[in-house]
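Chain by chain, the residues:
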Amino acid sequence: MKNHIKITSFLLALLLMFSAFPLAVSAETTNAQGTGQTGYASDFEHMVYYSDHATITNYTGSADCLEIPYELDGYTVTEIGSYAFDYNDNLTNVIFPASVDEIGYYAFEGCSKLAQVTMSDSVMWIGDHAFVDCPALKGVTLPQGVQSIADHAFGYVYNEYGDPVKVKDFTITGYTYSAAENYAINNGFKFVSIGAKP
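Residues numbered from 1 in each chain as written. Predicted model: local features only at pLDDT ≥ 70, side-chain atom pairs only at ≥ 80, totals over all residues. Heavy atoms only, no water.

## Examining the overall build of the protein chain
Here is step 1 of the chain: A tally of regular secondary structure across the protein chain gives 2 helices and 17 strands.
Here is step 2 of the chain: At a minimum sequence separation of 6, the contacts of the protein chain that also span at least 24 residues come to 42%.
Here is step 3 of the chain: Of the roughly 10,300 Å² of accessible surface on the protein chain, a fraction of 54% belongs to carbon and sulfur atoms. (Helix = DSSP H or I, 4+ residues; strand = E, 2+ residues; numbered from the N terminus. Contact = heavy atoms within 4.5 Å. Areas by Shrake-Rupley, 256 points an atom, 1.4 Å probe, with all protein chains shown as cover.)

## Some points on the sheet that holds strand β12 (residues 139–141)
Here is step 1 of the chain: With parallel pairing, 3 strands are arranged side by side in an open sheet as β12-β16-β17. Where the open sheet ends on each side, the last strands, each with one partner, are β12 and β17 (190–196). For this sheet, the mean angle separating the axes of adjacent strands, direction not counted, is 25°.
Here is step 2 of the chain: Along the sheet, helix α2 (residues 179–187) makes contact with β16 (171–176) and β17, crossing β16 at roughly 135°. (Pairing = 2+ DSSP bridges. Axes fitted to C-alpha atoms, helices over the stretch in contact; angles between N-to-C directions.)

## Considering the nonpolar core
Here is step 1 of the chain: Ranked by internal contacts, the top residues of the largest apolar core, which has 46 residues, are Ile80, Phe96, Ile103, Phe108, Ile126, Phe131 and Phe154.
Here is step 2 of the chain: Those elements that provide at least two residues to this core are β4 (53–59), β7 (75–80), β14 (156–158) and α2.
Here is step 3 of the chain: By residue number, the principal contributor to this core is α2, which donates 4 residues. (Core = buried A, V, L, I, M, F, W, Y, C linked by side-chain atoms within 4.5 Å. Buried < 20%, exposed > 50% of the residue type's maximum accessible area, 1.4 Å probe, protein only.)

## What about the packing of aromatic side chains?
Here is step 1 of the chain: Throughout the structure, instances matching the rule amount to 12 aromatic pairs.
Here is step 2 of the chain: A ring pair is formed by Tyr105 and Tyr106, whose centres lie 6.1 Å apart and whose planes are at 90°; its orientation type is edge-to-face.
Here is step 3 of the chain: Seen in terms of ring centroids, Tyr156 and Phe189 are 5.6 Å apart; in terms of plane orientation they differ by 70°. Their pairing is edge-to-face. Of this pair, Tyr156 sits in strand β14 while Phe189 sits in the loop between α2 and β17; the two residues are 33 residues apart in sequence, bridging distant segments of the chain.
Here is step 4 of the chain: Classification of Phe189 by relative accessible area gives buried; the value is 9%.
Here is step 5 of the chain: Taken together through their ring pairs, the aromatic side chains of Tyr59, Phe85, Phe96, Phe108, Phe131, Phe154, Tyr156, Phe170, Tyr183 and Phe189 make up a single cluster. (Phe/Tyr/Trp six-rings, centres within 6.5 Å; stacked < 30°, edge-to-face > 60°.)

## Quick look at the side chain of Asp133
Here is step 1 of the chain: Among the secondary structure elements, Asp133 is positioned in the loop between β11 (125–126) and β12.
Here is step 2 of the chain: Although buried, Asp133 forms no salt bridge, and the nearest oppositely charged side chain, Lys138, lies 10 Å from it.
Here is step 3 of the chain: A polar atom in the side chain of Asp133 sits 3.1 Å from the backbone nitrogen of Tyr158.
Here is step 4 of the chain: Those residues in contact with Asp133 that lie beyond four places of it in its chain are Gly110, Cys111, Tyr156, Val157 and Tyr158. (Lys, Arg positive; Asp, Glu negative; His and termini not counted. Salt bridge = Lys/Arg side-chain N within 4 Å of Asp/Glu carboxyl O. Polar contact = N/O pair within 3.5 Å; in protein donor to acceptor, adjacent residues only side chain to side chain.)

## Some details on the environment of Asn182
Here is step 1 of the chain: Looking at the element boundaries, Asn182 is found in helix α2.
Here is step 2 of the chain: Considered as a pair, Asn182 and Ser148 are 34 residues apart in the sequence and their alpha carbons are 9.7 Å apart.

## What about the pairing of β16?
Here is step 1 of the chain: Of all 6 residues in β16, 5 are buried; the element is thus mostly enclosed.
Here is step 2 of the chain: Note that β12 and β16 share 3 bridges and pair parallel. Residue Thr141 lies in a different strand from β16, and its bridge partner there is Thr173.
Here is step 3 of the chain: As paired strands, β16 and β17 are joined by 5 bridges and run parallel to one another. For Thr173, the partnering residue across the bridge sits in β17 and is Val192.
Here is step 4 of the chain: Read as a crossover between parallel neighbours, the route from β16 over α2 to β17 is right-handed. (Right-handed = clockwise from strand over helix to strand, strands pointing away.)

## Some remarks on the pairing of β7
Here is step 1 of the chain: Sheet analysis places β4 next to β7, joined by 4 bridges and oriented parallel. By the bridge assignment, Thr55 is partnered in β7 with Glu79.
Here is step 2 of the chain: Counting the residues between successive antiparallel strands, the hairpin from strand β6 (residues 71–72) to β7 contains 2 residues, one of them, Asp73, with a positive phi of roughly 55°.
Here is step 3 of the chain: Sheet topology note: the β7/strand β9 (residues 102–103) ladder contains 2 bridges and is parallel. Residue pairing for β9: Glu79 is matched across the bridge by Glu102.

As structure tokens, this is what we get:
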């Protein structure tokens, strides 16, 4: 009887441990929007948290125009993890699905050819330095859903000392009285309004 209790306790402890920590899994992709190149499943590494959603943690593919998958292995992609796409020299265009609500810090740092970023209204949080040192990116349109944009998220490149400096004539397009307008004002960037926030 004591052995039975010990085994049951051990199995329960294992179950709790695996439900509390992220689980790394291989990827099968689903593209909900049907545009862009989704890439091969093996190009994406991700973590599943609490068996609920996926966070992309690394991308090893070579696509230039990439649509982030809506789903990996049946789990909805809700976050781009920190450093997930950093220093990718192939990316020129990134399209986010309607499932992603957070872009982690330094997620696209140093993507030298990245010139266009297309976000859906689901994006709410953009981490610090998320798109820092992307010299081809001259502006960005931010959807109404964005609530928080951290320091140096857009419009900065590194100088020879490794310090972030502003990109000349960088333009933020977004809704009036929004996080996009606040970020533009606080950083001295040109702001183009697409209307009052609904």
